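# Chain and residue survey
The primary structure of each chain is shown beneath.
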Amino acid sequence: MRGCRAVVAAFVLAFGASGVKAGSEGRPHSFSPEGLAKVSDYIRNEIVTGKIPGAILLLQQHGKPVYYEKFGVRDAATEFSMSSDTIFRLYSMSKPITTVTAMMLVEEGKLALSDPVSKYIPAFADIKVAVEKRGEDGKLAMTTEPLKRPVTIEDLMRHTAGLPYGYYGGGLVNKAYADAGLFDNDPSNADLVARLTKLPLAEQPGTVWDYGHSTDVLGRIIEVITGKTLFAFEKERLLGPLGMNDTEFYVADKAKWPLIAEPMPKDRVISPVAEMRDIKQPLRWESGGGGMVGTIGDYARFSQMLLNGGSYGGRRYLKPETIALMASDHIGPETGVIRDQNFYPGPNSGFGLGFAVRTSVPPNTNWPLGEYRWDGVGGTFFFIDPADDLFGILMMQTPTQRGRIQQELKTLIYRAMGRY
């Protein structure tokens, strides 16, 4: 943790306690009307060409919207216009919410980043680590070896726990996860974690960034500590106070079902083993890593709280130094963490606690250091840009087009700010 503290100290010096730093001209960058018009034209073209039914984009700077536009329809089948109360599947944009909730427990002394996961889930003490070796016959076989060190809470938050999703990447251990029936019969968080502990880890803890079920386990730990369901605790301590009243794990109110955004009819596959789920159906599983749904207004409150350094509406949720810790790189060269072949943050970013973090400037750009962000497999993404006192959120539903659109749209947004 000494290396992490050094990074945090540098981060706080660079961005200040409020998380805001002036641009190179002595003030944050601002948007040009011409640049924002190109942003609008881009989204309209995606709709006209049939790639997405609709979208909502919010760019908020200095606490006020500088761009807020709704495009197209929420569902091609109903042709209802996109609206501010449209409900989206957030998928992995659930992870920052879960991690913030866990960090509230850290601040209260009920949880520590260095704690072994086995302190809260004893079965993790006996978990093994998979080793894939090729035998004399040339066939790959999987054996196991003991843990070299315990899985920690920090490992869960930064995805170095060795807990993959299993439906990508190949190899025997990923196949074991994909074939394990982890989601059969609508498990509770306790059920899911019990099933996970019967599988070996894909890597030794702290060695590889491997995206997967870590935040689901973190959600279960929140339940163990608080004695409440994950949603009940999040509602009490974060969602309710922030006014995130439409953020939940499924849409319980039938009157809100027409508000649900849907992808194009042939654009529903999110992985080789799953399609976008029906969020009208109740679930016992409250996936801290990917189960939440919500509106753009709800996530805007959450994003502004982060940008404010942990406070919103006169109430403090986290300390500025905690936000700085979360938004600093926890897998940098000094940690020795290897980045797997699916390192989604990309070559100019590391990973903090719940977010990707930009650690170097992409070639031929002036993109800001310290920007942190994440997205969801259903198509949504958000980013926090402390240097420009800005956050952005795009809400749409498209598993297949999301990566391309995110990159192209972010490029246009930064061009509109003169960051080239």
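### Considering the overall build of the protein chain
- Scanning the protein chain from N- to C-terminus turns up 11 helices and 17 strands.
- Rg of the C-alpha trace for the protein chain: 21 Å, near the compact-globule value of 22 Å for 420 residues, within the 12% margin.
- Referenced to the eigenvectors of the C-alpha coordinate spread, the extents of the protein chain come out at roughly 65 × 50 × 45 Å.
- Taken over 420 residues, the protein chain has a buried fraction of 57%.
- Contacts in the protein chain between residues far apart in sequence, at least 24 positions, make up 69% of those at least 6 positions apart.
- Total accessible area on the protein chain is roughly 16900 Å²; 53% of this is exposed by carbon and sulfur atoms.
- Across the protein chain, the mean location of the 47 positive side-chain charges is 2 Å away from that of the 47 negative side-chain charges.

### A short note on the nonpolar core
- Counting residues in each nonpolar core, the largest one holds 82 residues, and the members touching the most others are Ile153, Leu156, Val217, Phe302 and Leu306.
- Considering each element in turn, this core owes the most residues, 7 residues, to helix H9 (residues 296-307).
- If near-sequence neighbours (up to four positions away) are discounted, Val217 is found in contact with Val117, Ile121, Phe124, Leu156, Leu163, Val193 and Leu196.
- Among the nonpolar cores identified, the runner-up in size contains 24 residues, and Tyr42, Phe383, Leu390 and Met417 belong to it.

### Points about the confidence of the model for the protein chain
- Of the residues in the protein chain, 94% reach a pLDDT of 70 or more, and the chain-wide mean stands at 93.
- Low pLDDT, under 50, characterises residues 1-25; the predicted model gives this stretch 41 contacts beyond four residues in sequence or across chains.

### Points about the environment of Ser271
- Take Ser271: it is sitting in strand E7 (residues 269-271).
- Through-space distance from the C-alpha of Ser271 to that of Thr160 is 22 Å; in sequence the pair is 111 residues apart.
- A polar atom in the side chain of Ser271 sits 3.1 Å from the backbone nitrogen of Ala274.

### With respect to the sheet that holds strand E14 (residues 356-358)
- Read across the open sheet, the 7 strands follow the order E2-E1-E17-E16-E15-E14-E13; overall the sheet is antiparallel. The open sheet has two edge strands with one neighbour each: strand E2 (64-72) and strand E13 (349-351). Averaged over all pairs of adjacent strands, the angle between strand axes in this sheet comes to 15 degrees, irrespective of strand direction.
- Of the pairings in the sheet, the one linking strand E1 (residues 54-61) to E2 comprises 8 bridges and is antiparallel in character. What sits directly across from Leu59, in E2, is Tyr67.
- Seen against the sheet, helix H2 (residues 33-48) touches E1, E2 and strand E17 (390-395) and runs at an angle of roughly 20 degrees to E2.
- In this fold H9 packs onto E1, E2, strand E15 (372-375), strand E16 (381-385) and E17, with an angle of close to 155 degrees to the strand it touches most, E17.

### Things to note about the side chain of Ser83
- Its place among the elements puts Ser83 in the loop between E2 and strand E3 (88-89).
- When its relative accessible area of 15% is taken as the criterion, Ser83 is described as buried.
- In contact with Ser83, not counting residues within four places along its chain, are Ile56, Lys70 and Arg74.

### A short note on the packing of aromatic side chains
- Overall, the coordinates contain 17 aromatic pairs when judged by the stated rule.
- Relative to Trp374, the ring of Phe351 has its centre 5.3 Å away and its plane inclined at 85 degrees; by these criteria the two rings are edge-to-face. With Phe351 in strand E13 and Trp374 in strand E15, this pair connects stretches of sequence that are 23 residues apart. With respect to burial, Phe351 and Trp374 carry one shared label: buried.

Cut-offs applied
- Residues numbered from 1 in each chain as written.
- Predicted model: local features only at pLDDT ≥ 70, side-chain atom pairs only at ≥ 80, totals over all residues.
- Heavy atoms only, no water.
- Helix = DSSP H or I, 4+ residues; strand = E, 2+ residues; numbered from the N terminus.
- Rg over C-alpha atoms; globule rule 2.2 N^0.38 Å.
- Buried < 20%, exposed > 50% of the residue type's maximum accessible area, 1.4 Å probe, protein only.
- Contact = heavy atoms within 4.5 Å.
- Areas by Shrake-Rupley, 256 points an atom, 1.4 Å probe, with all protein chains shown as cover.
- Lys, Arg positive; Asp, Glu negative; His and termini not counted.
- Charge placed at Lys NZ, Arg CZ, Asp CG, Glu CD.
- Core = buried A, V, L, I, M, F, W, Y, C linked by side-chain atoms within 4.5 Å.
- pLDDT = per-residue confidence, 0-100.
- Polar contact = N/O pair within 3.5 Å; in protein donor to acceptor, adjacent residues only side chain to side chain.
- Pairing = 2+ DSSP bridges.
- Axes fitted to C-alpha atoms, helices over the stretch in contact; angles between N-to-C directions.
- Phe/Tyr/Trp six-rings, centres within 6.5 Å; stacked < 30°, edge-to-face > 60°.

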